[in-house]
Amino acid sequence: MRLKFTVNGRQAEADDVWEGESLLYVLRERLGLPGSKNACEQGECGSCTVRLDGVAACACLVAAGQVQDREVDTVEGLAGEDELDAVQRAFVDAGAVQCGFCTPGLLVAADDLLERCPSPSDSEIRESLAGNLCRCTGYEKIMDAVRLAADRRAEEARS
Amino acid sequence: MTSQVTPYAIGTALQRLDGRSKVTGTAPYAFERVVDNATYLHPVQATIALGQITAIDTAEAEALDGVITILTHVNAPRLASTEDRELAVLQTDRVSFRGQLIGAVIADTPETARQAAGLVRISYAQWPHEAELSSERSDLYTPEAVNPSFPADTDEGDVDTAMSAAPVTLDTTYTTPLEYNNPMEPHTTVALWNDHELTLYDSTQGAHTVRTTVAPVIGLDPERIHVSAPHVGGGFGSKGIPHAHIVLAALAARTVEGRPVKFALTRQQMFSLAGHRTPTIQRVRLAADTDGRLSALAHDVVEWTSKVKEFAEQTAVPSRNVYAAPNRRTSHRLAALDVPVPSWMRAPGECPGMFGPEVAVDEMALKCGIDPVEFRARNEPDVDPETGKPFSSRHLVECLREGADRFGWHHRDPTPASRTERGWLVGTGVASSIYPTLRAVSTATIRVEAADHYRVDIGATDIGTGTWTALTQIAADALEVPVGHVDLRIGETAQPEASVAGGSTGNATWGTAIVEAARALQDTHGRPPEIGAEASGTTPNNPETERFAMFAHGAQFAEVRVHADTGEIRVPRMLGVFAAGRIINPRTAHSQFIGGMTMGLSMALHEVGVLDTRFGHVVNHDFAEYHIPTNADVGDIDATWIDEDDPYVNPMGAKGIGEIGIVGAAAAIANAAHHATGIRLRELPITPDALLR
Ligand code: FES
Ligand code: FES
């Protein structure tokens, strides 16, 4: 099929797409957007988390045919022209990045969480991000990063 | 004494230099390297544990549109060496373990390759296999050495006599399960063969290790193999020793010369192809006087290896160095089974080997009526019990005492099962950790690119550990310039040869090479050296190892809550206090320690590979069923360290920290679970059913 959808606000097109291939494959191998990672390909790790019409989803579980005419947001769309988003900055500042393979999925999931719930409690953060496995950090720095991002966003909203 | 670098950048919490590229999704991992006209490989894996392939039918698979070629042992190029039987892929019709690589489909898309791999029909002659580990096996053998080159057995004094003479003794068996490293990035190789040159974009802990391992196997001059791994999504040992998939990708690339072959293992494939930690059965015997002074310590280990290639985990080795006891004995016995090849997993040896003894010490402390922190302090050796050498630095007791203070240990009623809060039984536990301070050999080159601009090249790797950042700090201090003046390049065989990121040797080895290069630059070109000046340095032997025993140490504390009705177990709090020399970067180090401790929590409560011995495969081969902790499984985990000044280990005074965080963590949790419930847990992982009595 000819696949047409919006990625990070821009129109994207790919030809000769098999409807059954995953959105993750389309993003990574056809559209040159390798930010979303493939760590399990079966919906267990969250490394491929994107937003589909605003809702967080595992791109590895979404069939290409399902995204026709819909909107997808990936980690590549988080930053502005030359400025990182508050969540991205917080991950760097808090030292929440080690190998970085879980990071893009976590950033999208954290961004989604903070949009739904601008000042989450620790247990809300832990529960909301429980679908995003990280083997390196032990999650403590990720908690710090999400708290920091929430504070900074609140500050940005005030000023 | 090793001449020390004056720390300016060292010890500061410099932000991770690769942070920005990782949060924007632009750091290229192996599969993401830009190549033209890619092909995709999907492997065919054996579905029996032992036997012979009698027929292969590829007709249906080959008929699929987009299939380029299918490789099996019948048509695959011959390898130059099949000595390493793990790496000798597609060379015979023999199947040695379930999941073994026995074929490969190369196609235009990964979907086609996978579909075609499923259409390849293999017939086998199946032979009876063995996949059951037990200490009763009659074929257990003593390996010549255990990883990497320790003697398999040691015996000092007379453990048996000490055991019969002592007023307090313990003779108990502990087990740790089959475990999988599971870095988040699956093992990936992108291979391109062009005119007798092989390029590998690989997810590895050592670019040069891949080159030197693969070269003799495929029969290429090492200089013709180019390995690149600037960003690696974790390894934990499983990307340390190159595995068979790299060779398969190279063979495939040779077959479709000129077109790159992209091959990423799936999570499920990793369980038979990327190494694992052997299960262990550990008999621990301790003898003590009533004051809790150990007179004997024996640690006898039974574990497995594969028939294909021996890997002997050094499980009993830490028992040679950690406590004073005049009579000591350690041994390793292996069962060679028809299973995939075991390999390094974070702190091989120390990690499983500090579970049995550290639970045993807790049991002994209770028997002697002595606080477990105090019991350990009473058995602190003056010198390394194994070699008789003094320690270059050792602050285990300080870690234990500092941890006890911070953790609030002293308020604890030592009686097991004495504290209940709203239906939860609450307990606390402690364990020691130890990890050797080792170094390998590497070379670094420094070139003055412009005034005050230094380019540092070394083929090191960053597997998430922070190498990009820490080596930049070390180089800056070695050159006595701000970090902004250093341009570090790592991850390529095009750079000077460097050792694998393993054994917590990275910073010590690579850092020392950089310091040597900086000193050579200053010695030969003065200060400041002229533009264009260049010098190299290689990690020298450390003569101080003749005089001193070198280890990092730590103390692990855990609080455990067990639900009285359901047996649910939670770990709301962990604290690790470490003494690991000078910490190069507190920000990255803190995360490394906590990450290690969390993997220890994972070992304590979650991780177990369930091997179906009838078929020789691991049934729970994915994240749905092989559990690692999620964010919601962990509580408040903190790590701190004691400032340790050790001028003997290396010019930075730094000991490795990548592994010690996991050592002892599972024992601390098991000890805390006993304190909470009165149930002694000698088998990992600890699951609710074991806590319901
Ligand atoms: S790759 Fe999609 S959830 Fe793991
Ligand atoms: S940073 Fe490596 S998996 Fe999270």
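Residues numbered from 1 in each chain as written. Chains lettered and ligands numbered in written order. Predicted model: local features only at pLDDT ≥ 70, side-chain atom pairs only at ≥ 80, totals over all residues.

**Quick notes on the packing of helix 2 (residues 86-94) of chain A against helix 3 (residues 103-116) of chain A**
Residue and element names in this part refer to chain A. Definition in use: Axis lines are fitted to C-alpha atoms, over the contacting stretch for helices. Their N-to-C directions set the angle, which ranges from 0 to 180 degrees. Working definition: helices are DSSP H or I runs of at least four residues, strands are E runs of at least two. Numbering for both runs from the N terminus. Throughout this description, any angle smaller than 35 degrees is read as roughly parallel, any larger than 145 degrees as roughly antiparallel, any in the 65 to 115 degree range as roughly perpendicular, and the remainder as oblique. The sense of a crossing depends on the near helix, which, turned anticlockwise from the far helix by less than a right angle, makes the crossing left-handed and, turned clockwise, makes it right-handed. By the convention adopted here, residues make contact when the C-beta atoms placed from their backbones lie within 7 Å. Each residue is assigned to one of three groups, with Ala, Val, Leu, Ile, Met, Phe, Trp, Tyr, Cys and Pro labelled nonpolar, Asp, Glu, Lys and Arg labelled charged, and all others, Gly among them, labelled polar.
At a closest axis distance of 9 Å, the pairing of helix 2 and helix 3 adopts a crossing angle of 125°. With respect to helix 3, the element helix 2 is oriented oblique. Crossing geometry of helix 2 relative to helix 3 is assigned as right-handed. Side by side, helix 2 and helix 3 meet where V87, Q88 and F91 of the first sit next to T103, L107, A110, D111 and L114 of the second. A class-by-class count of the residues in the contact of helix 2 with helix 3 yields 5 nonpolar, 2 polar and 1 charged.

**What to know about the nonpolar core**
Most often, soluble globular proteins have nonpolar side chains that are buried together. Operational definition: Remark: nonpolar core denotes a set of buried Ala, Val, Leu, Ile, Met, Phe, Trp, Tyr and Cys residues whose joining runs through C-beta atoms within 7 Å. Any residue with 12 or fewer other C-beta atoms within 10 Å of its own C-beta is exposed, any with 20 or more is buried, and the rest are partly exposed; the C-beta atoms used are placed from the backbone.
Counting residues in hydrophobic clusters, the biggest one holds 277 residues, and the most contacted among them are B:A191, B:V247, B:A252, B:A475, B:I514, B:I669 and B:A673. What B:I514 contacts, discounting residues up to four positions off in sequence, is B:A444, B:V456, B:I458, B:L471, B:I474, B:A475, B:A478 and B:G537.

**So, the interface of chain B and chain A**
Contacts between the two partners involve 41 residues from chain B, matched on the other side by 42 residues from chain A. Among the elements of the structure, helix 1 (19-23) and helix 14 (586-605) of chain B are those that each provide at least two residues to the side of chain B that touches chain A. Looking at the side of chain B that touches chain A element by element, the count peaks at 7 residues for helix 14 of chain B.

**Structural notes on the domain arrangement of chain A**
Residues and elements named next belong to chain A. Counted only if it meets this: Annotation comment: domain bounds sourced from an automatic or database domain assignment.
In terms of domains, chain A is made up of domain 1 (3-77) and domain 2 (86-158). Distance from the C-alpha centre of domain 1 to the C-alpha centre of domain 2: 21 Å. Each side of the interface is counted separately: domain 1 has 14 residues, and domain 2 has 11 residues. If one sorts the elements of the side of domain 1 that touches domain 2 by residue count, strand 3 (residues 49-52) sits on top with 3 residues.

**Focus on the packing of helix 12 (residues 467-479) of chain B against helix 13 (residues 506-525) of chain B**
Residues and elements named next belong to chain B. With their axes 9 Å apart at the nearest point, helix 12 and helix 13 run at an angle of 30° to one another. Looking at the two axes, helix 12 sits roughly parallel to helix 13. Here the hand of the crossing between helix 12 and helix 13 comes out right-handed. Counting all contacts with helix 12, which are made through T467, A470, L471, I474, A475, A478 and L479, the residues of helix 13 involved are G506, N507, W510, G511, I514, V515 and A518.

**Overview of the pairing of strand 3 of chain A**
Residue and element names in this part refer to chain A. What counts is decided by this rule: Whether two strands pair depends on DSSP finding at least two bridges between them.
Judged from the 4 bridges that link them, strand 3 and strand 4 (residues 55-58) form a sheet pairing that is antiparallel. Of the residues in strand 4, the one forming a bridge with V50 is A57. The hairpin turn running from strand 3 into strand 4, its antiparallel successor, is 2 residues long, and D53 in that turn takes a positive phi close to 50°. Inspection of the sheet shows strand 3 paired to strand 5 (residues 71-73) by 2 bridges, in the antiparallel sense. For R51, the partnering residue across the bridge sits in strand 5 and is D73.

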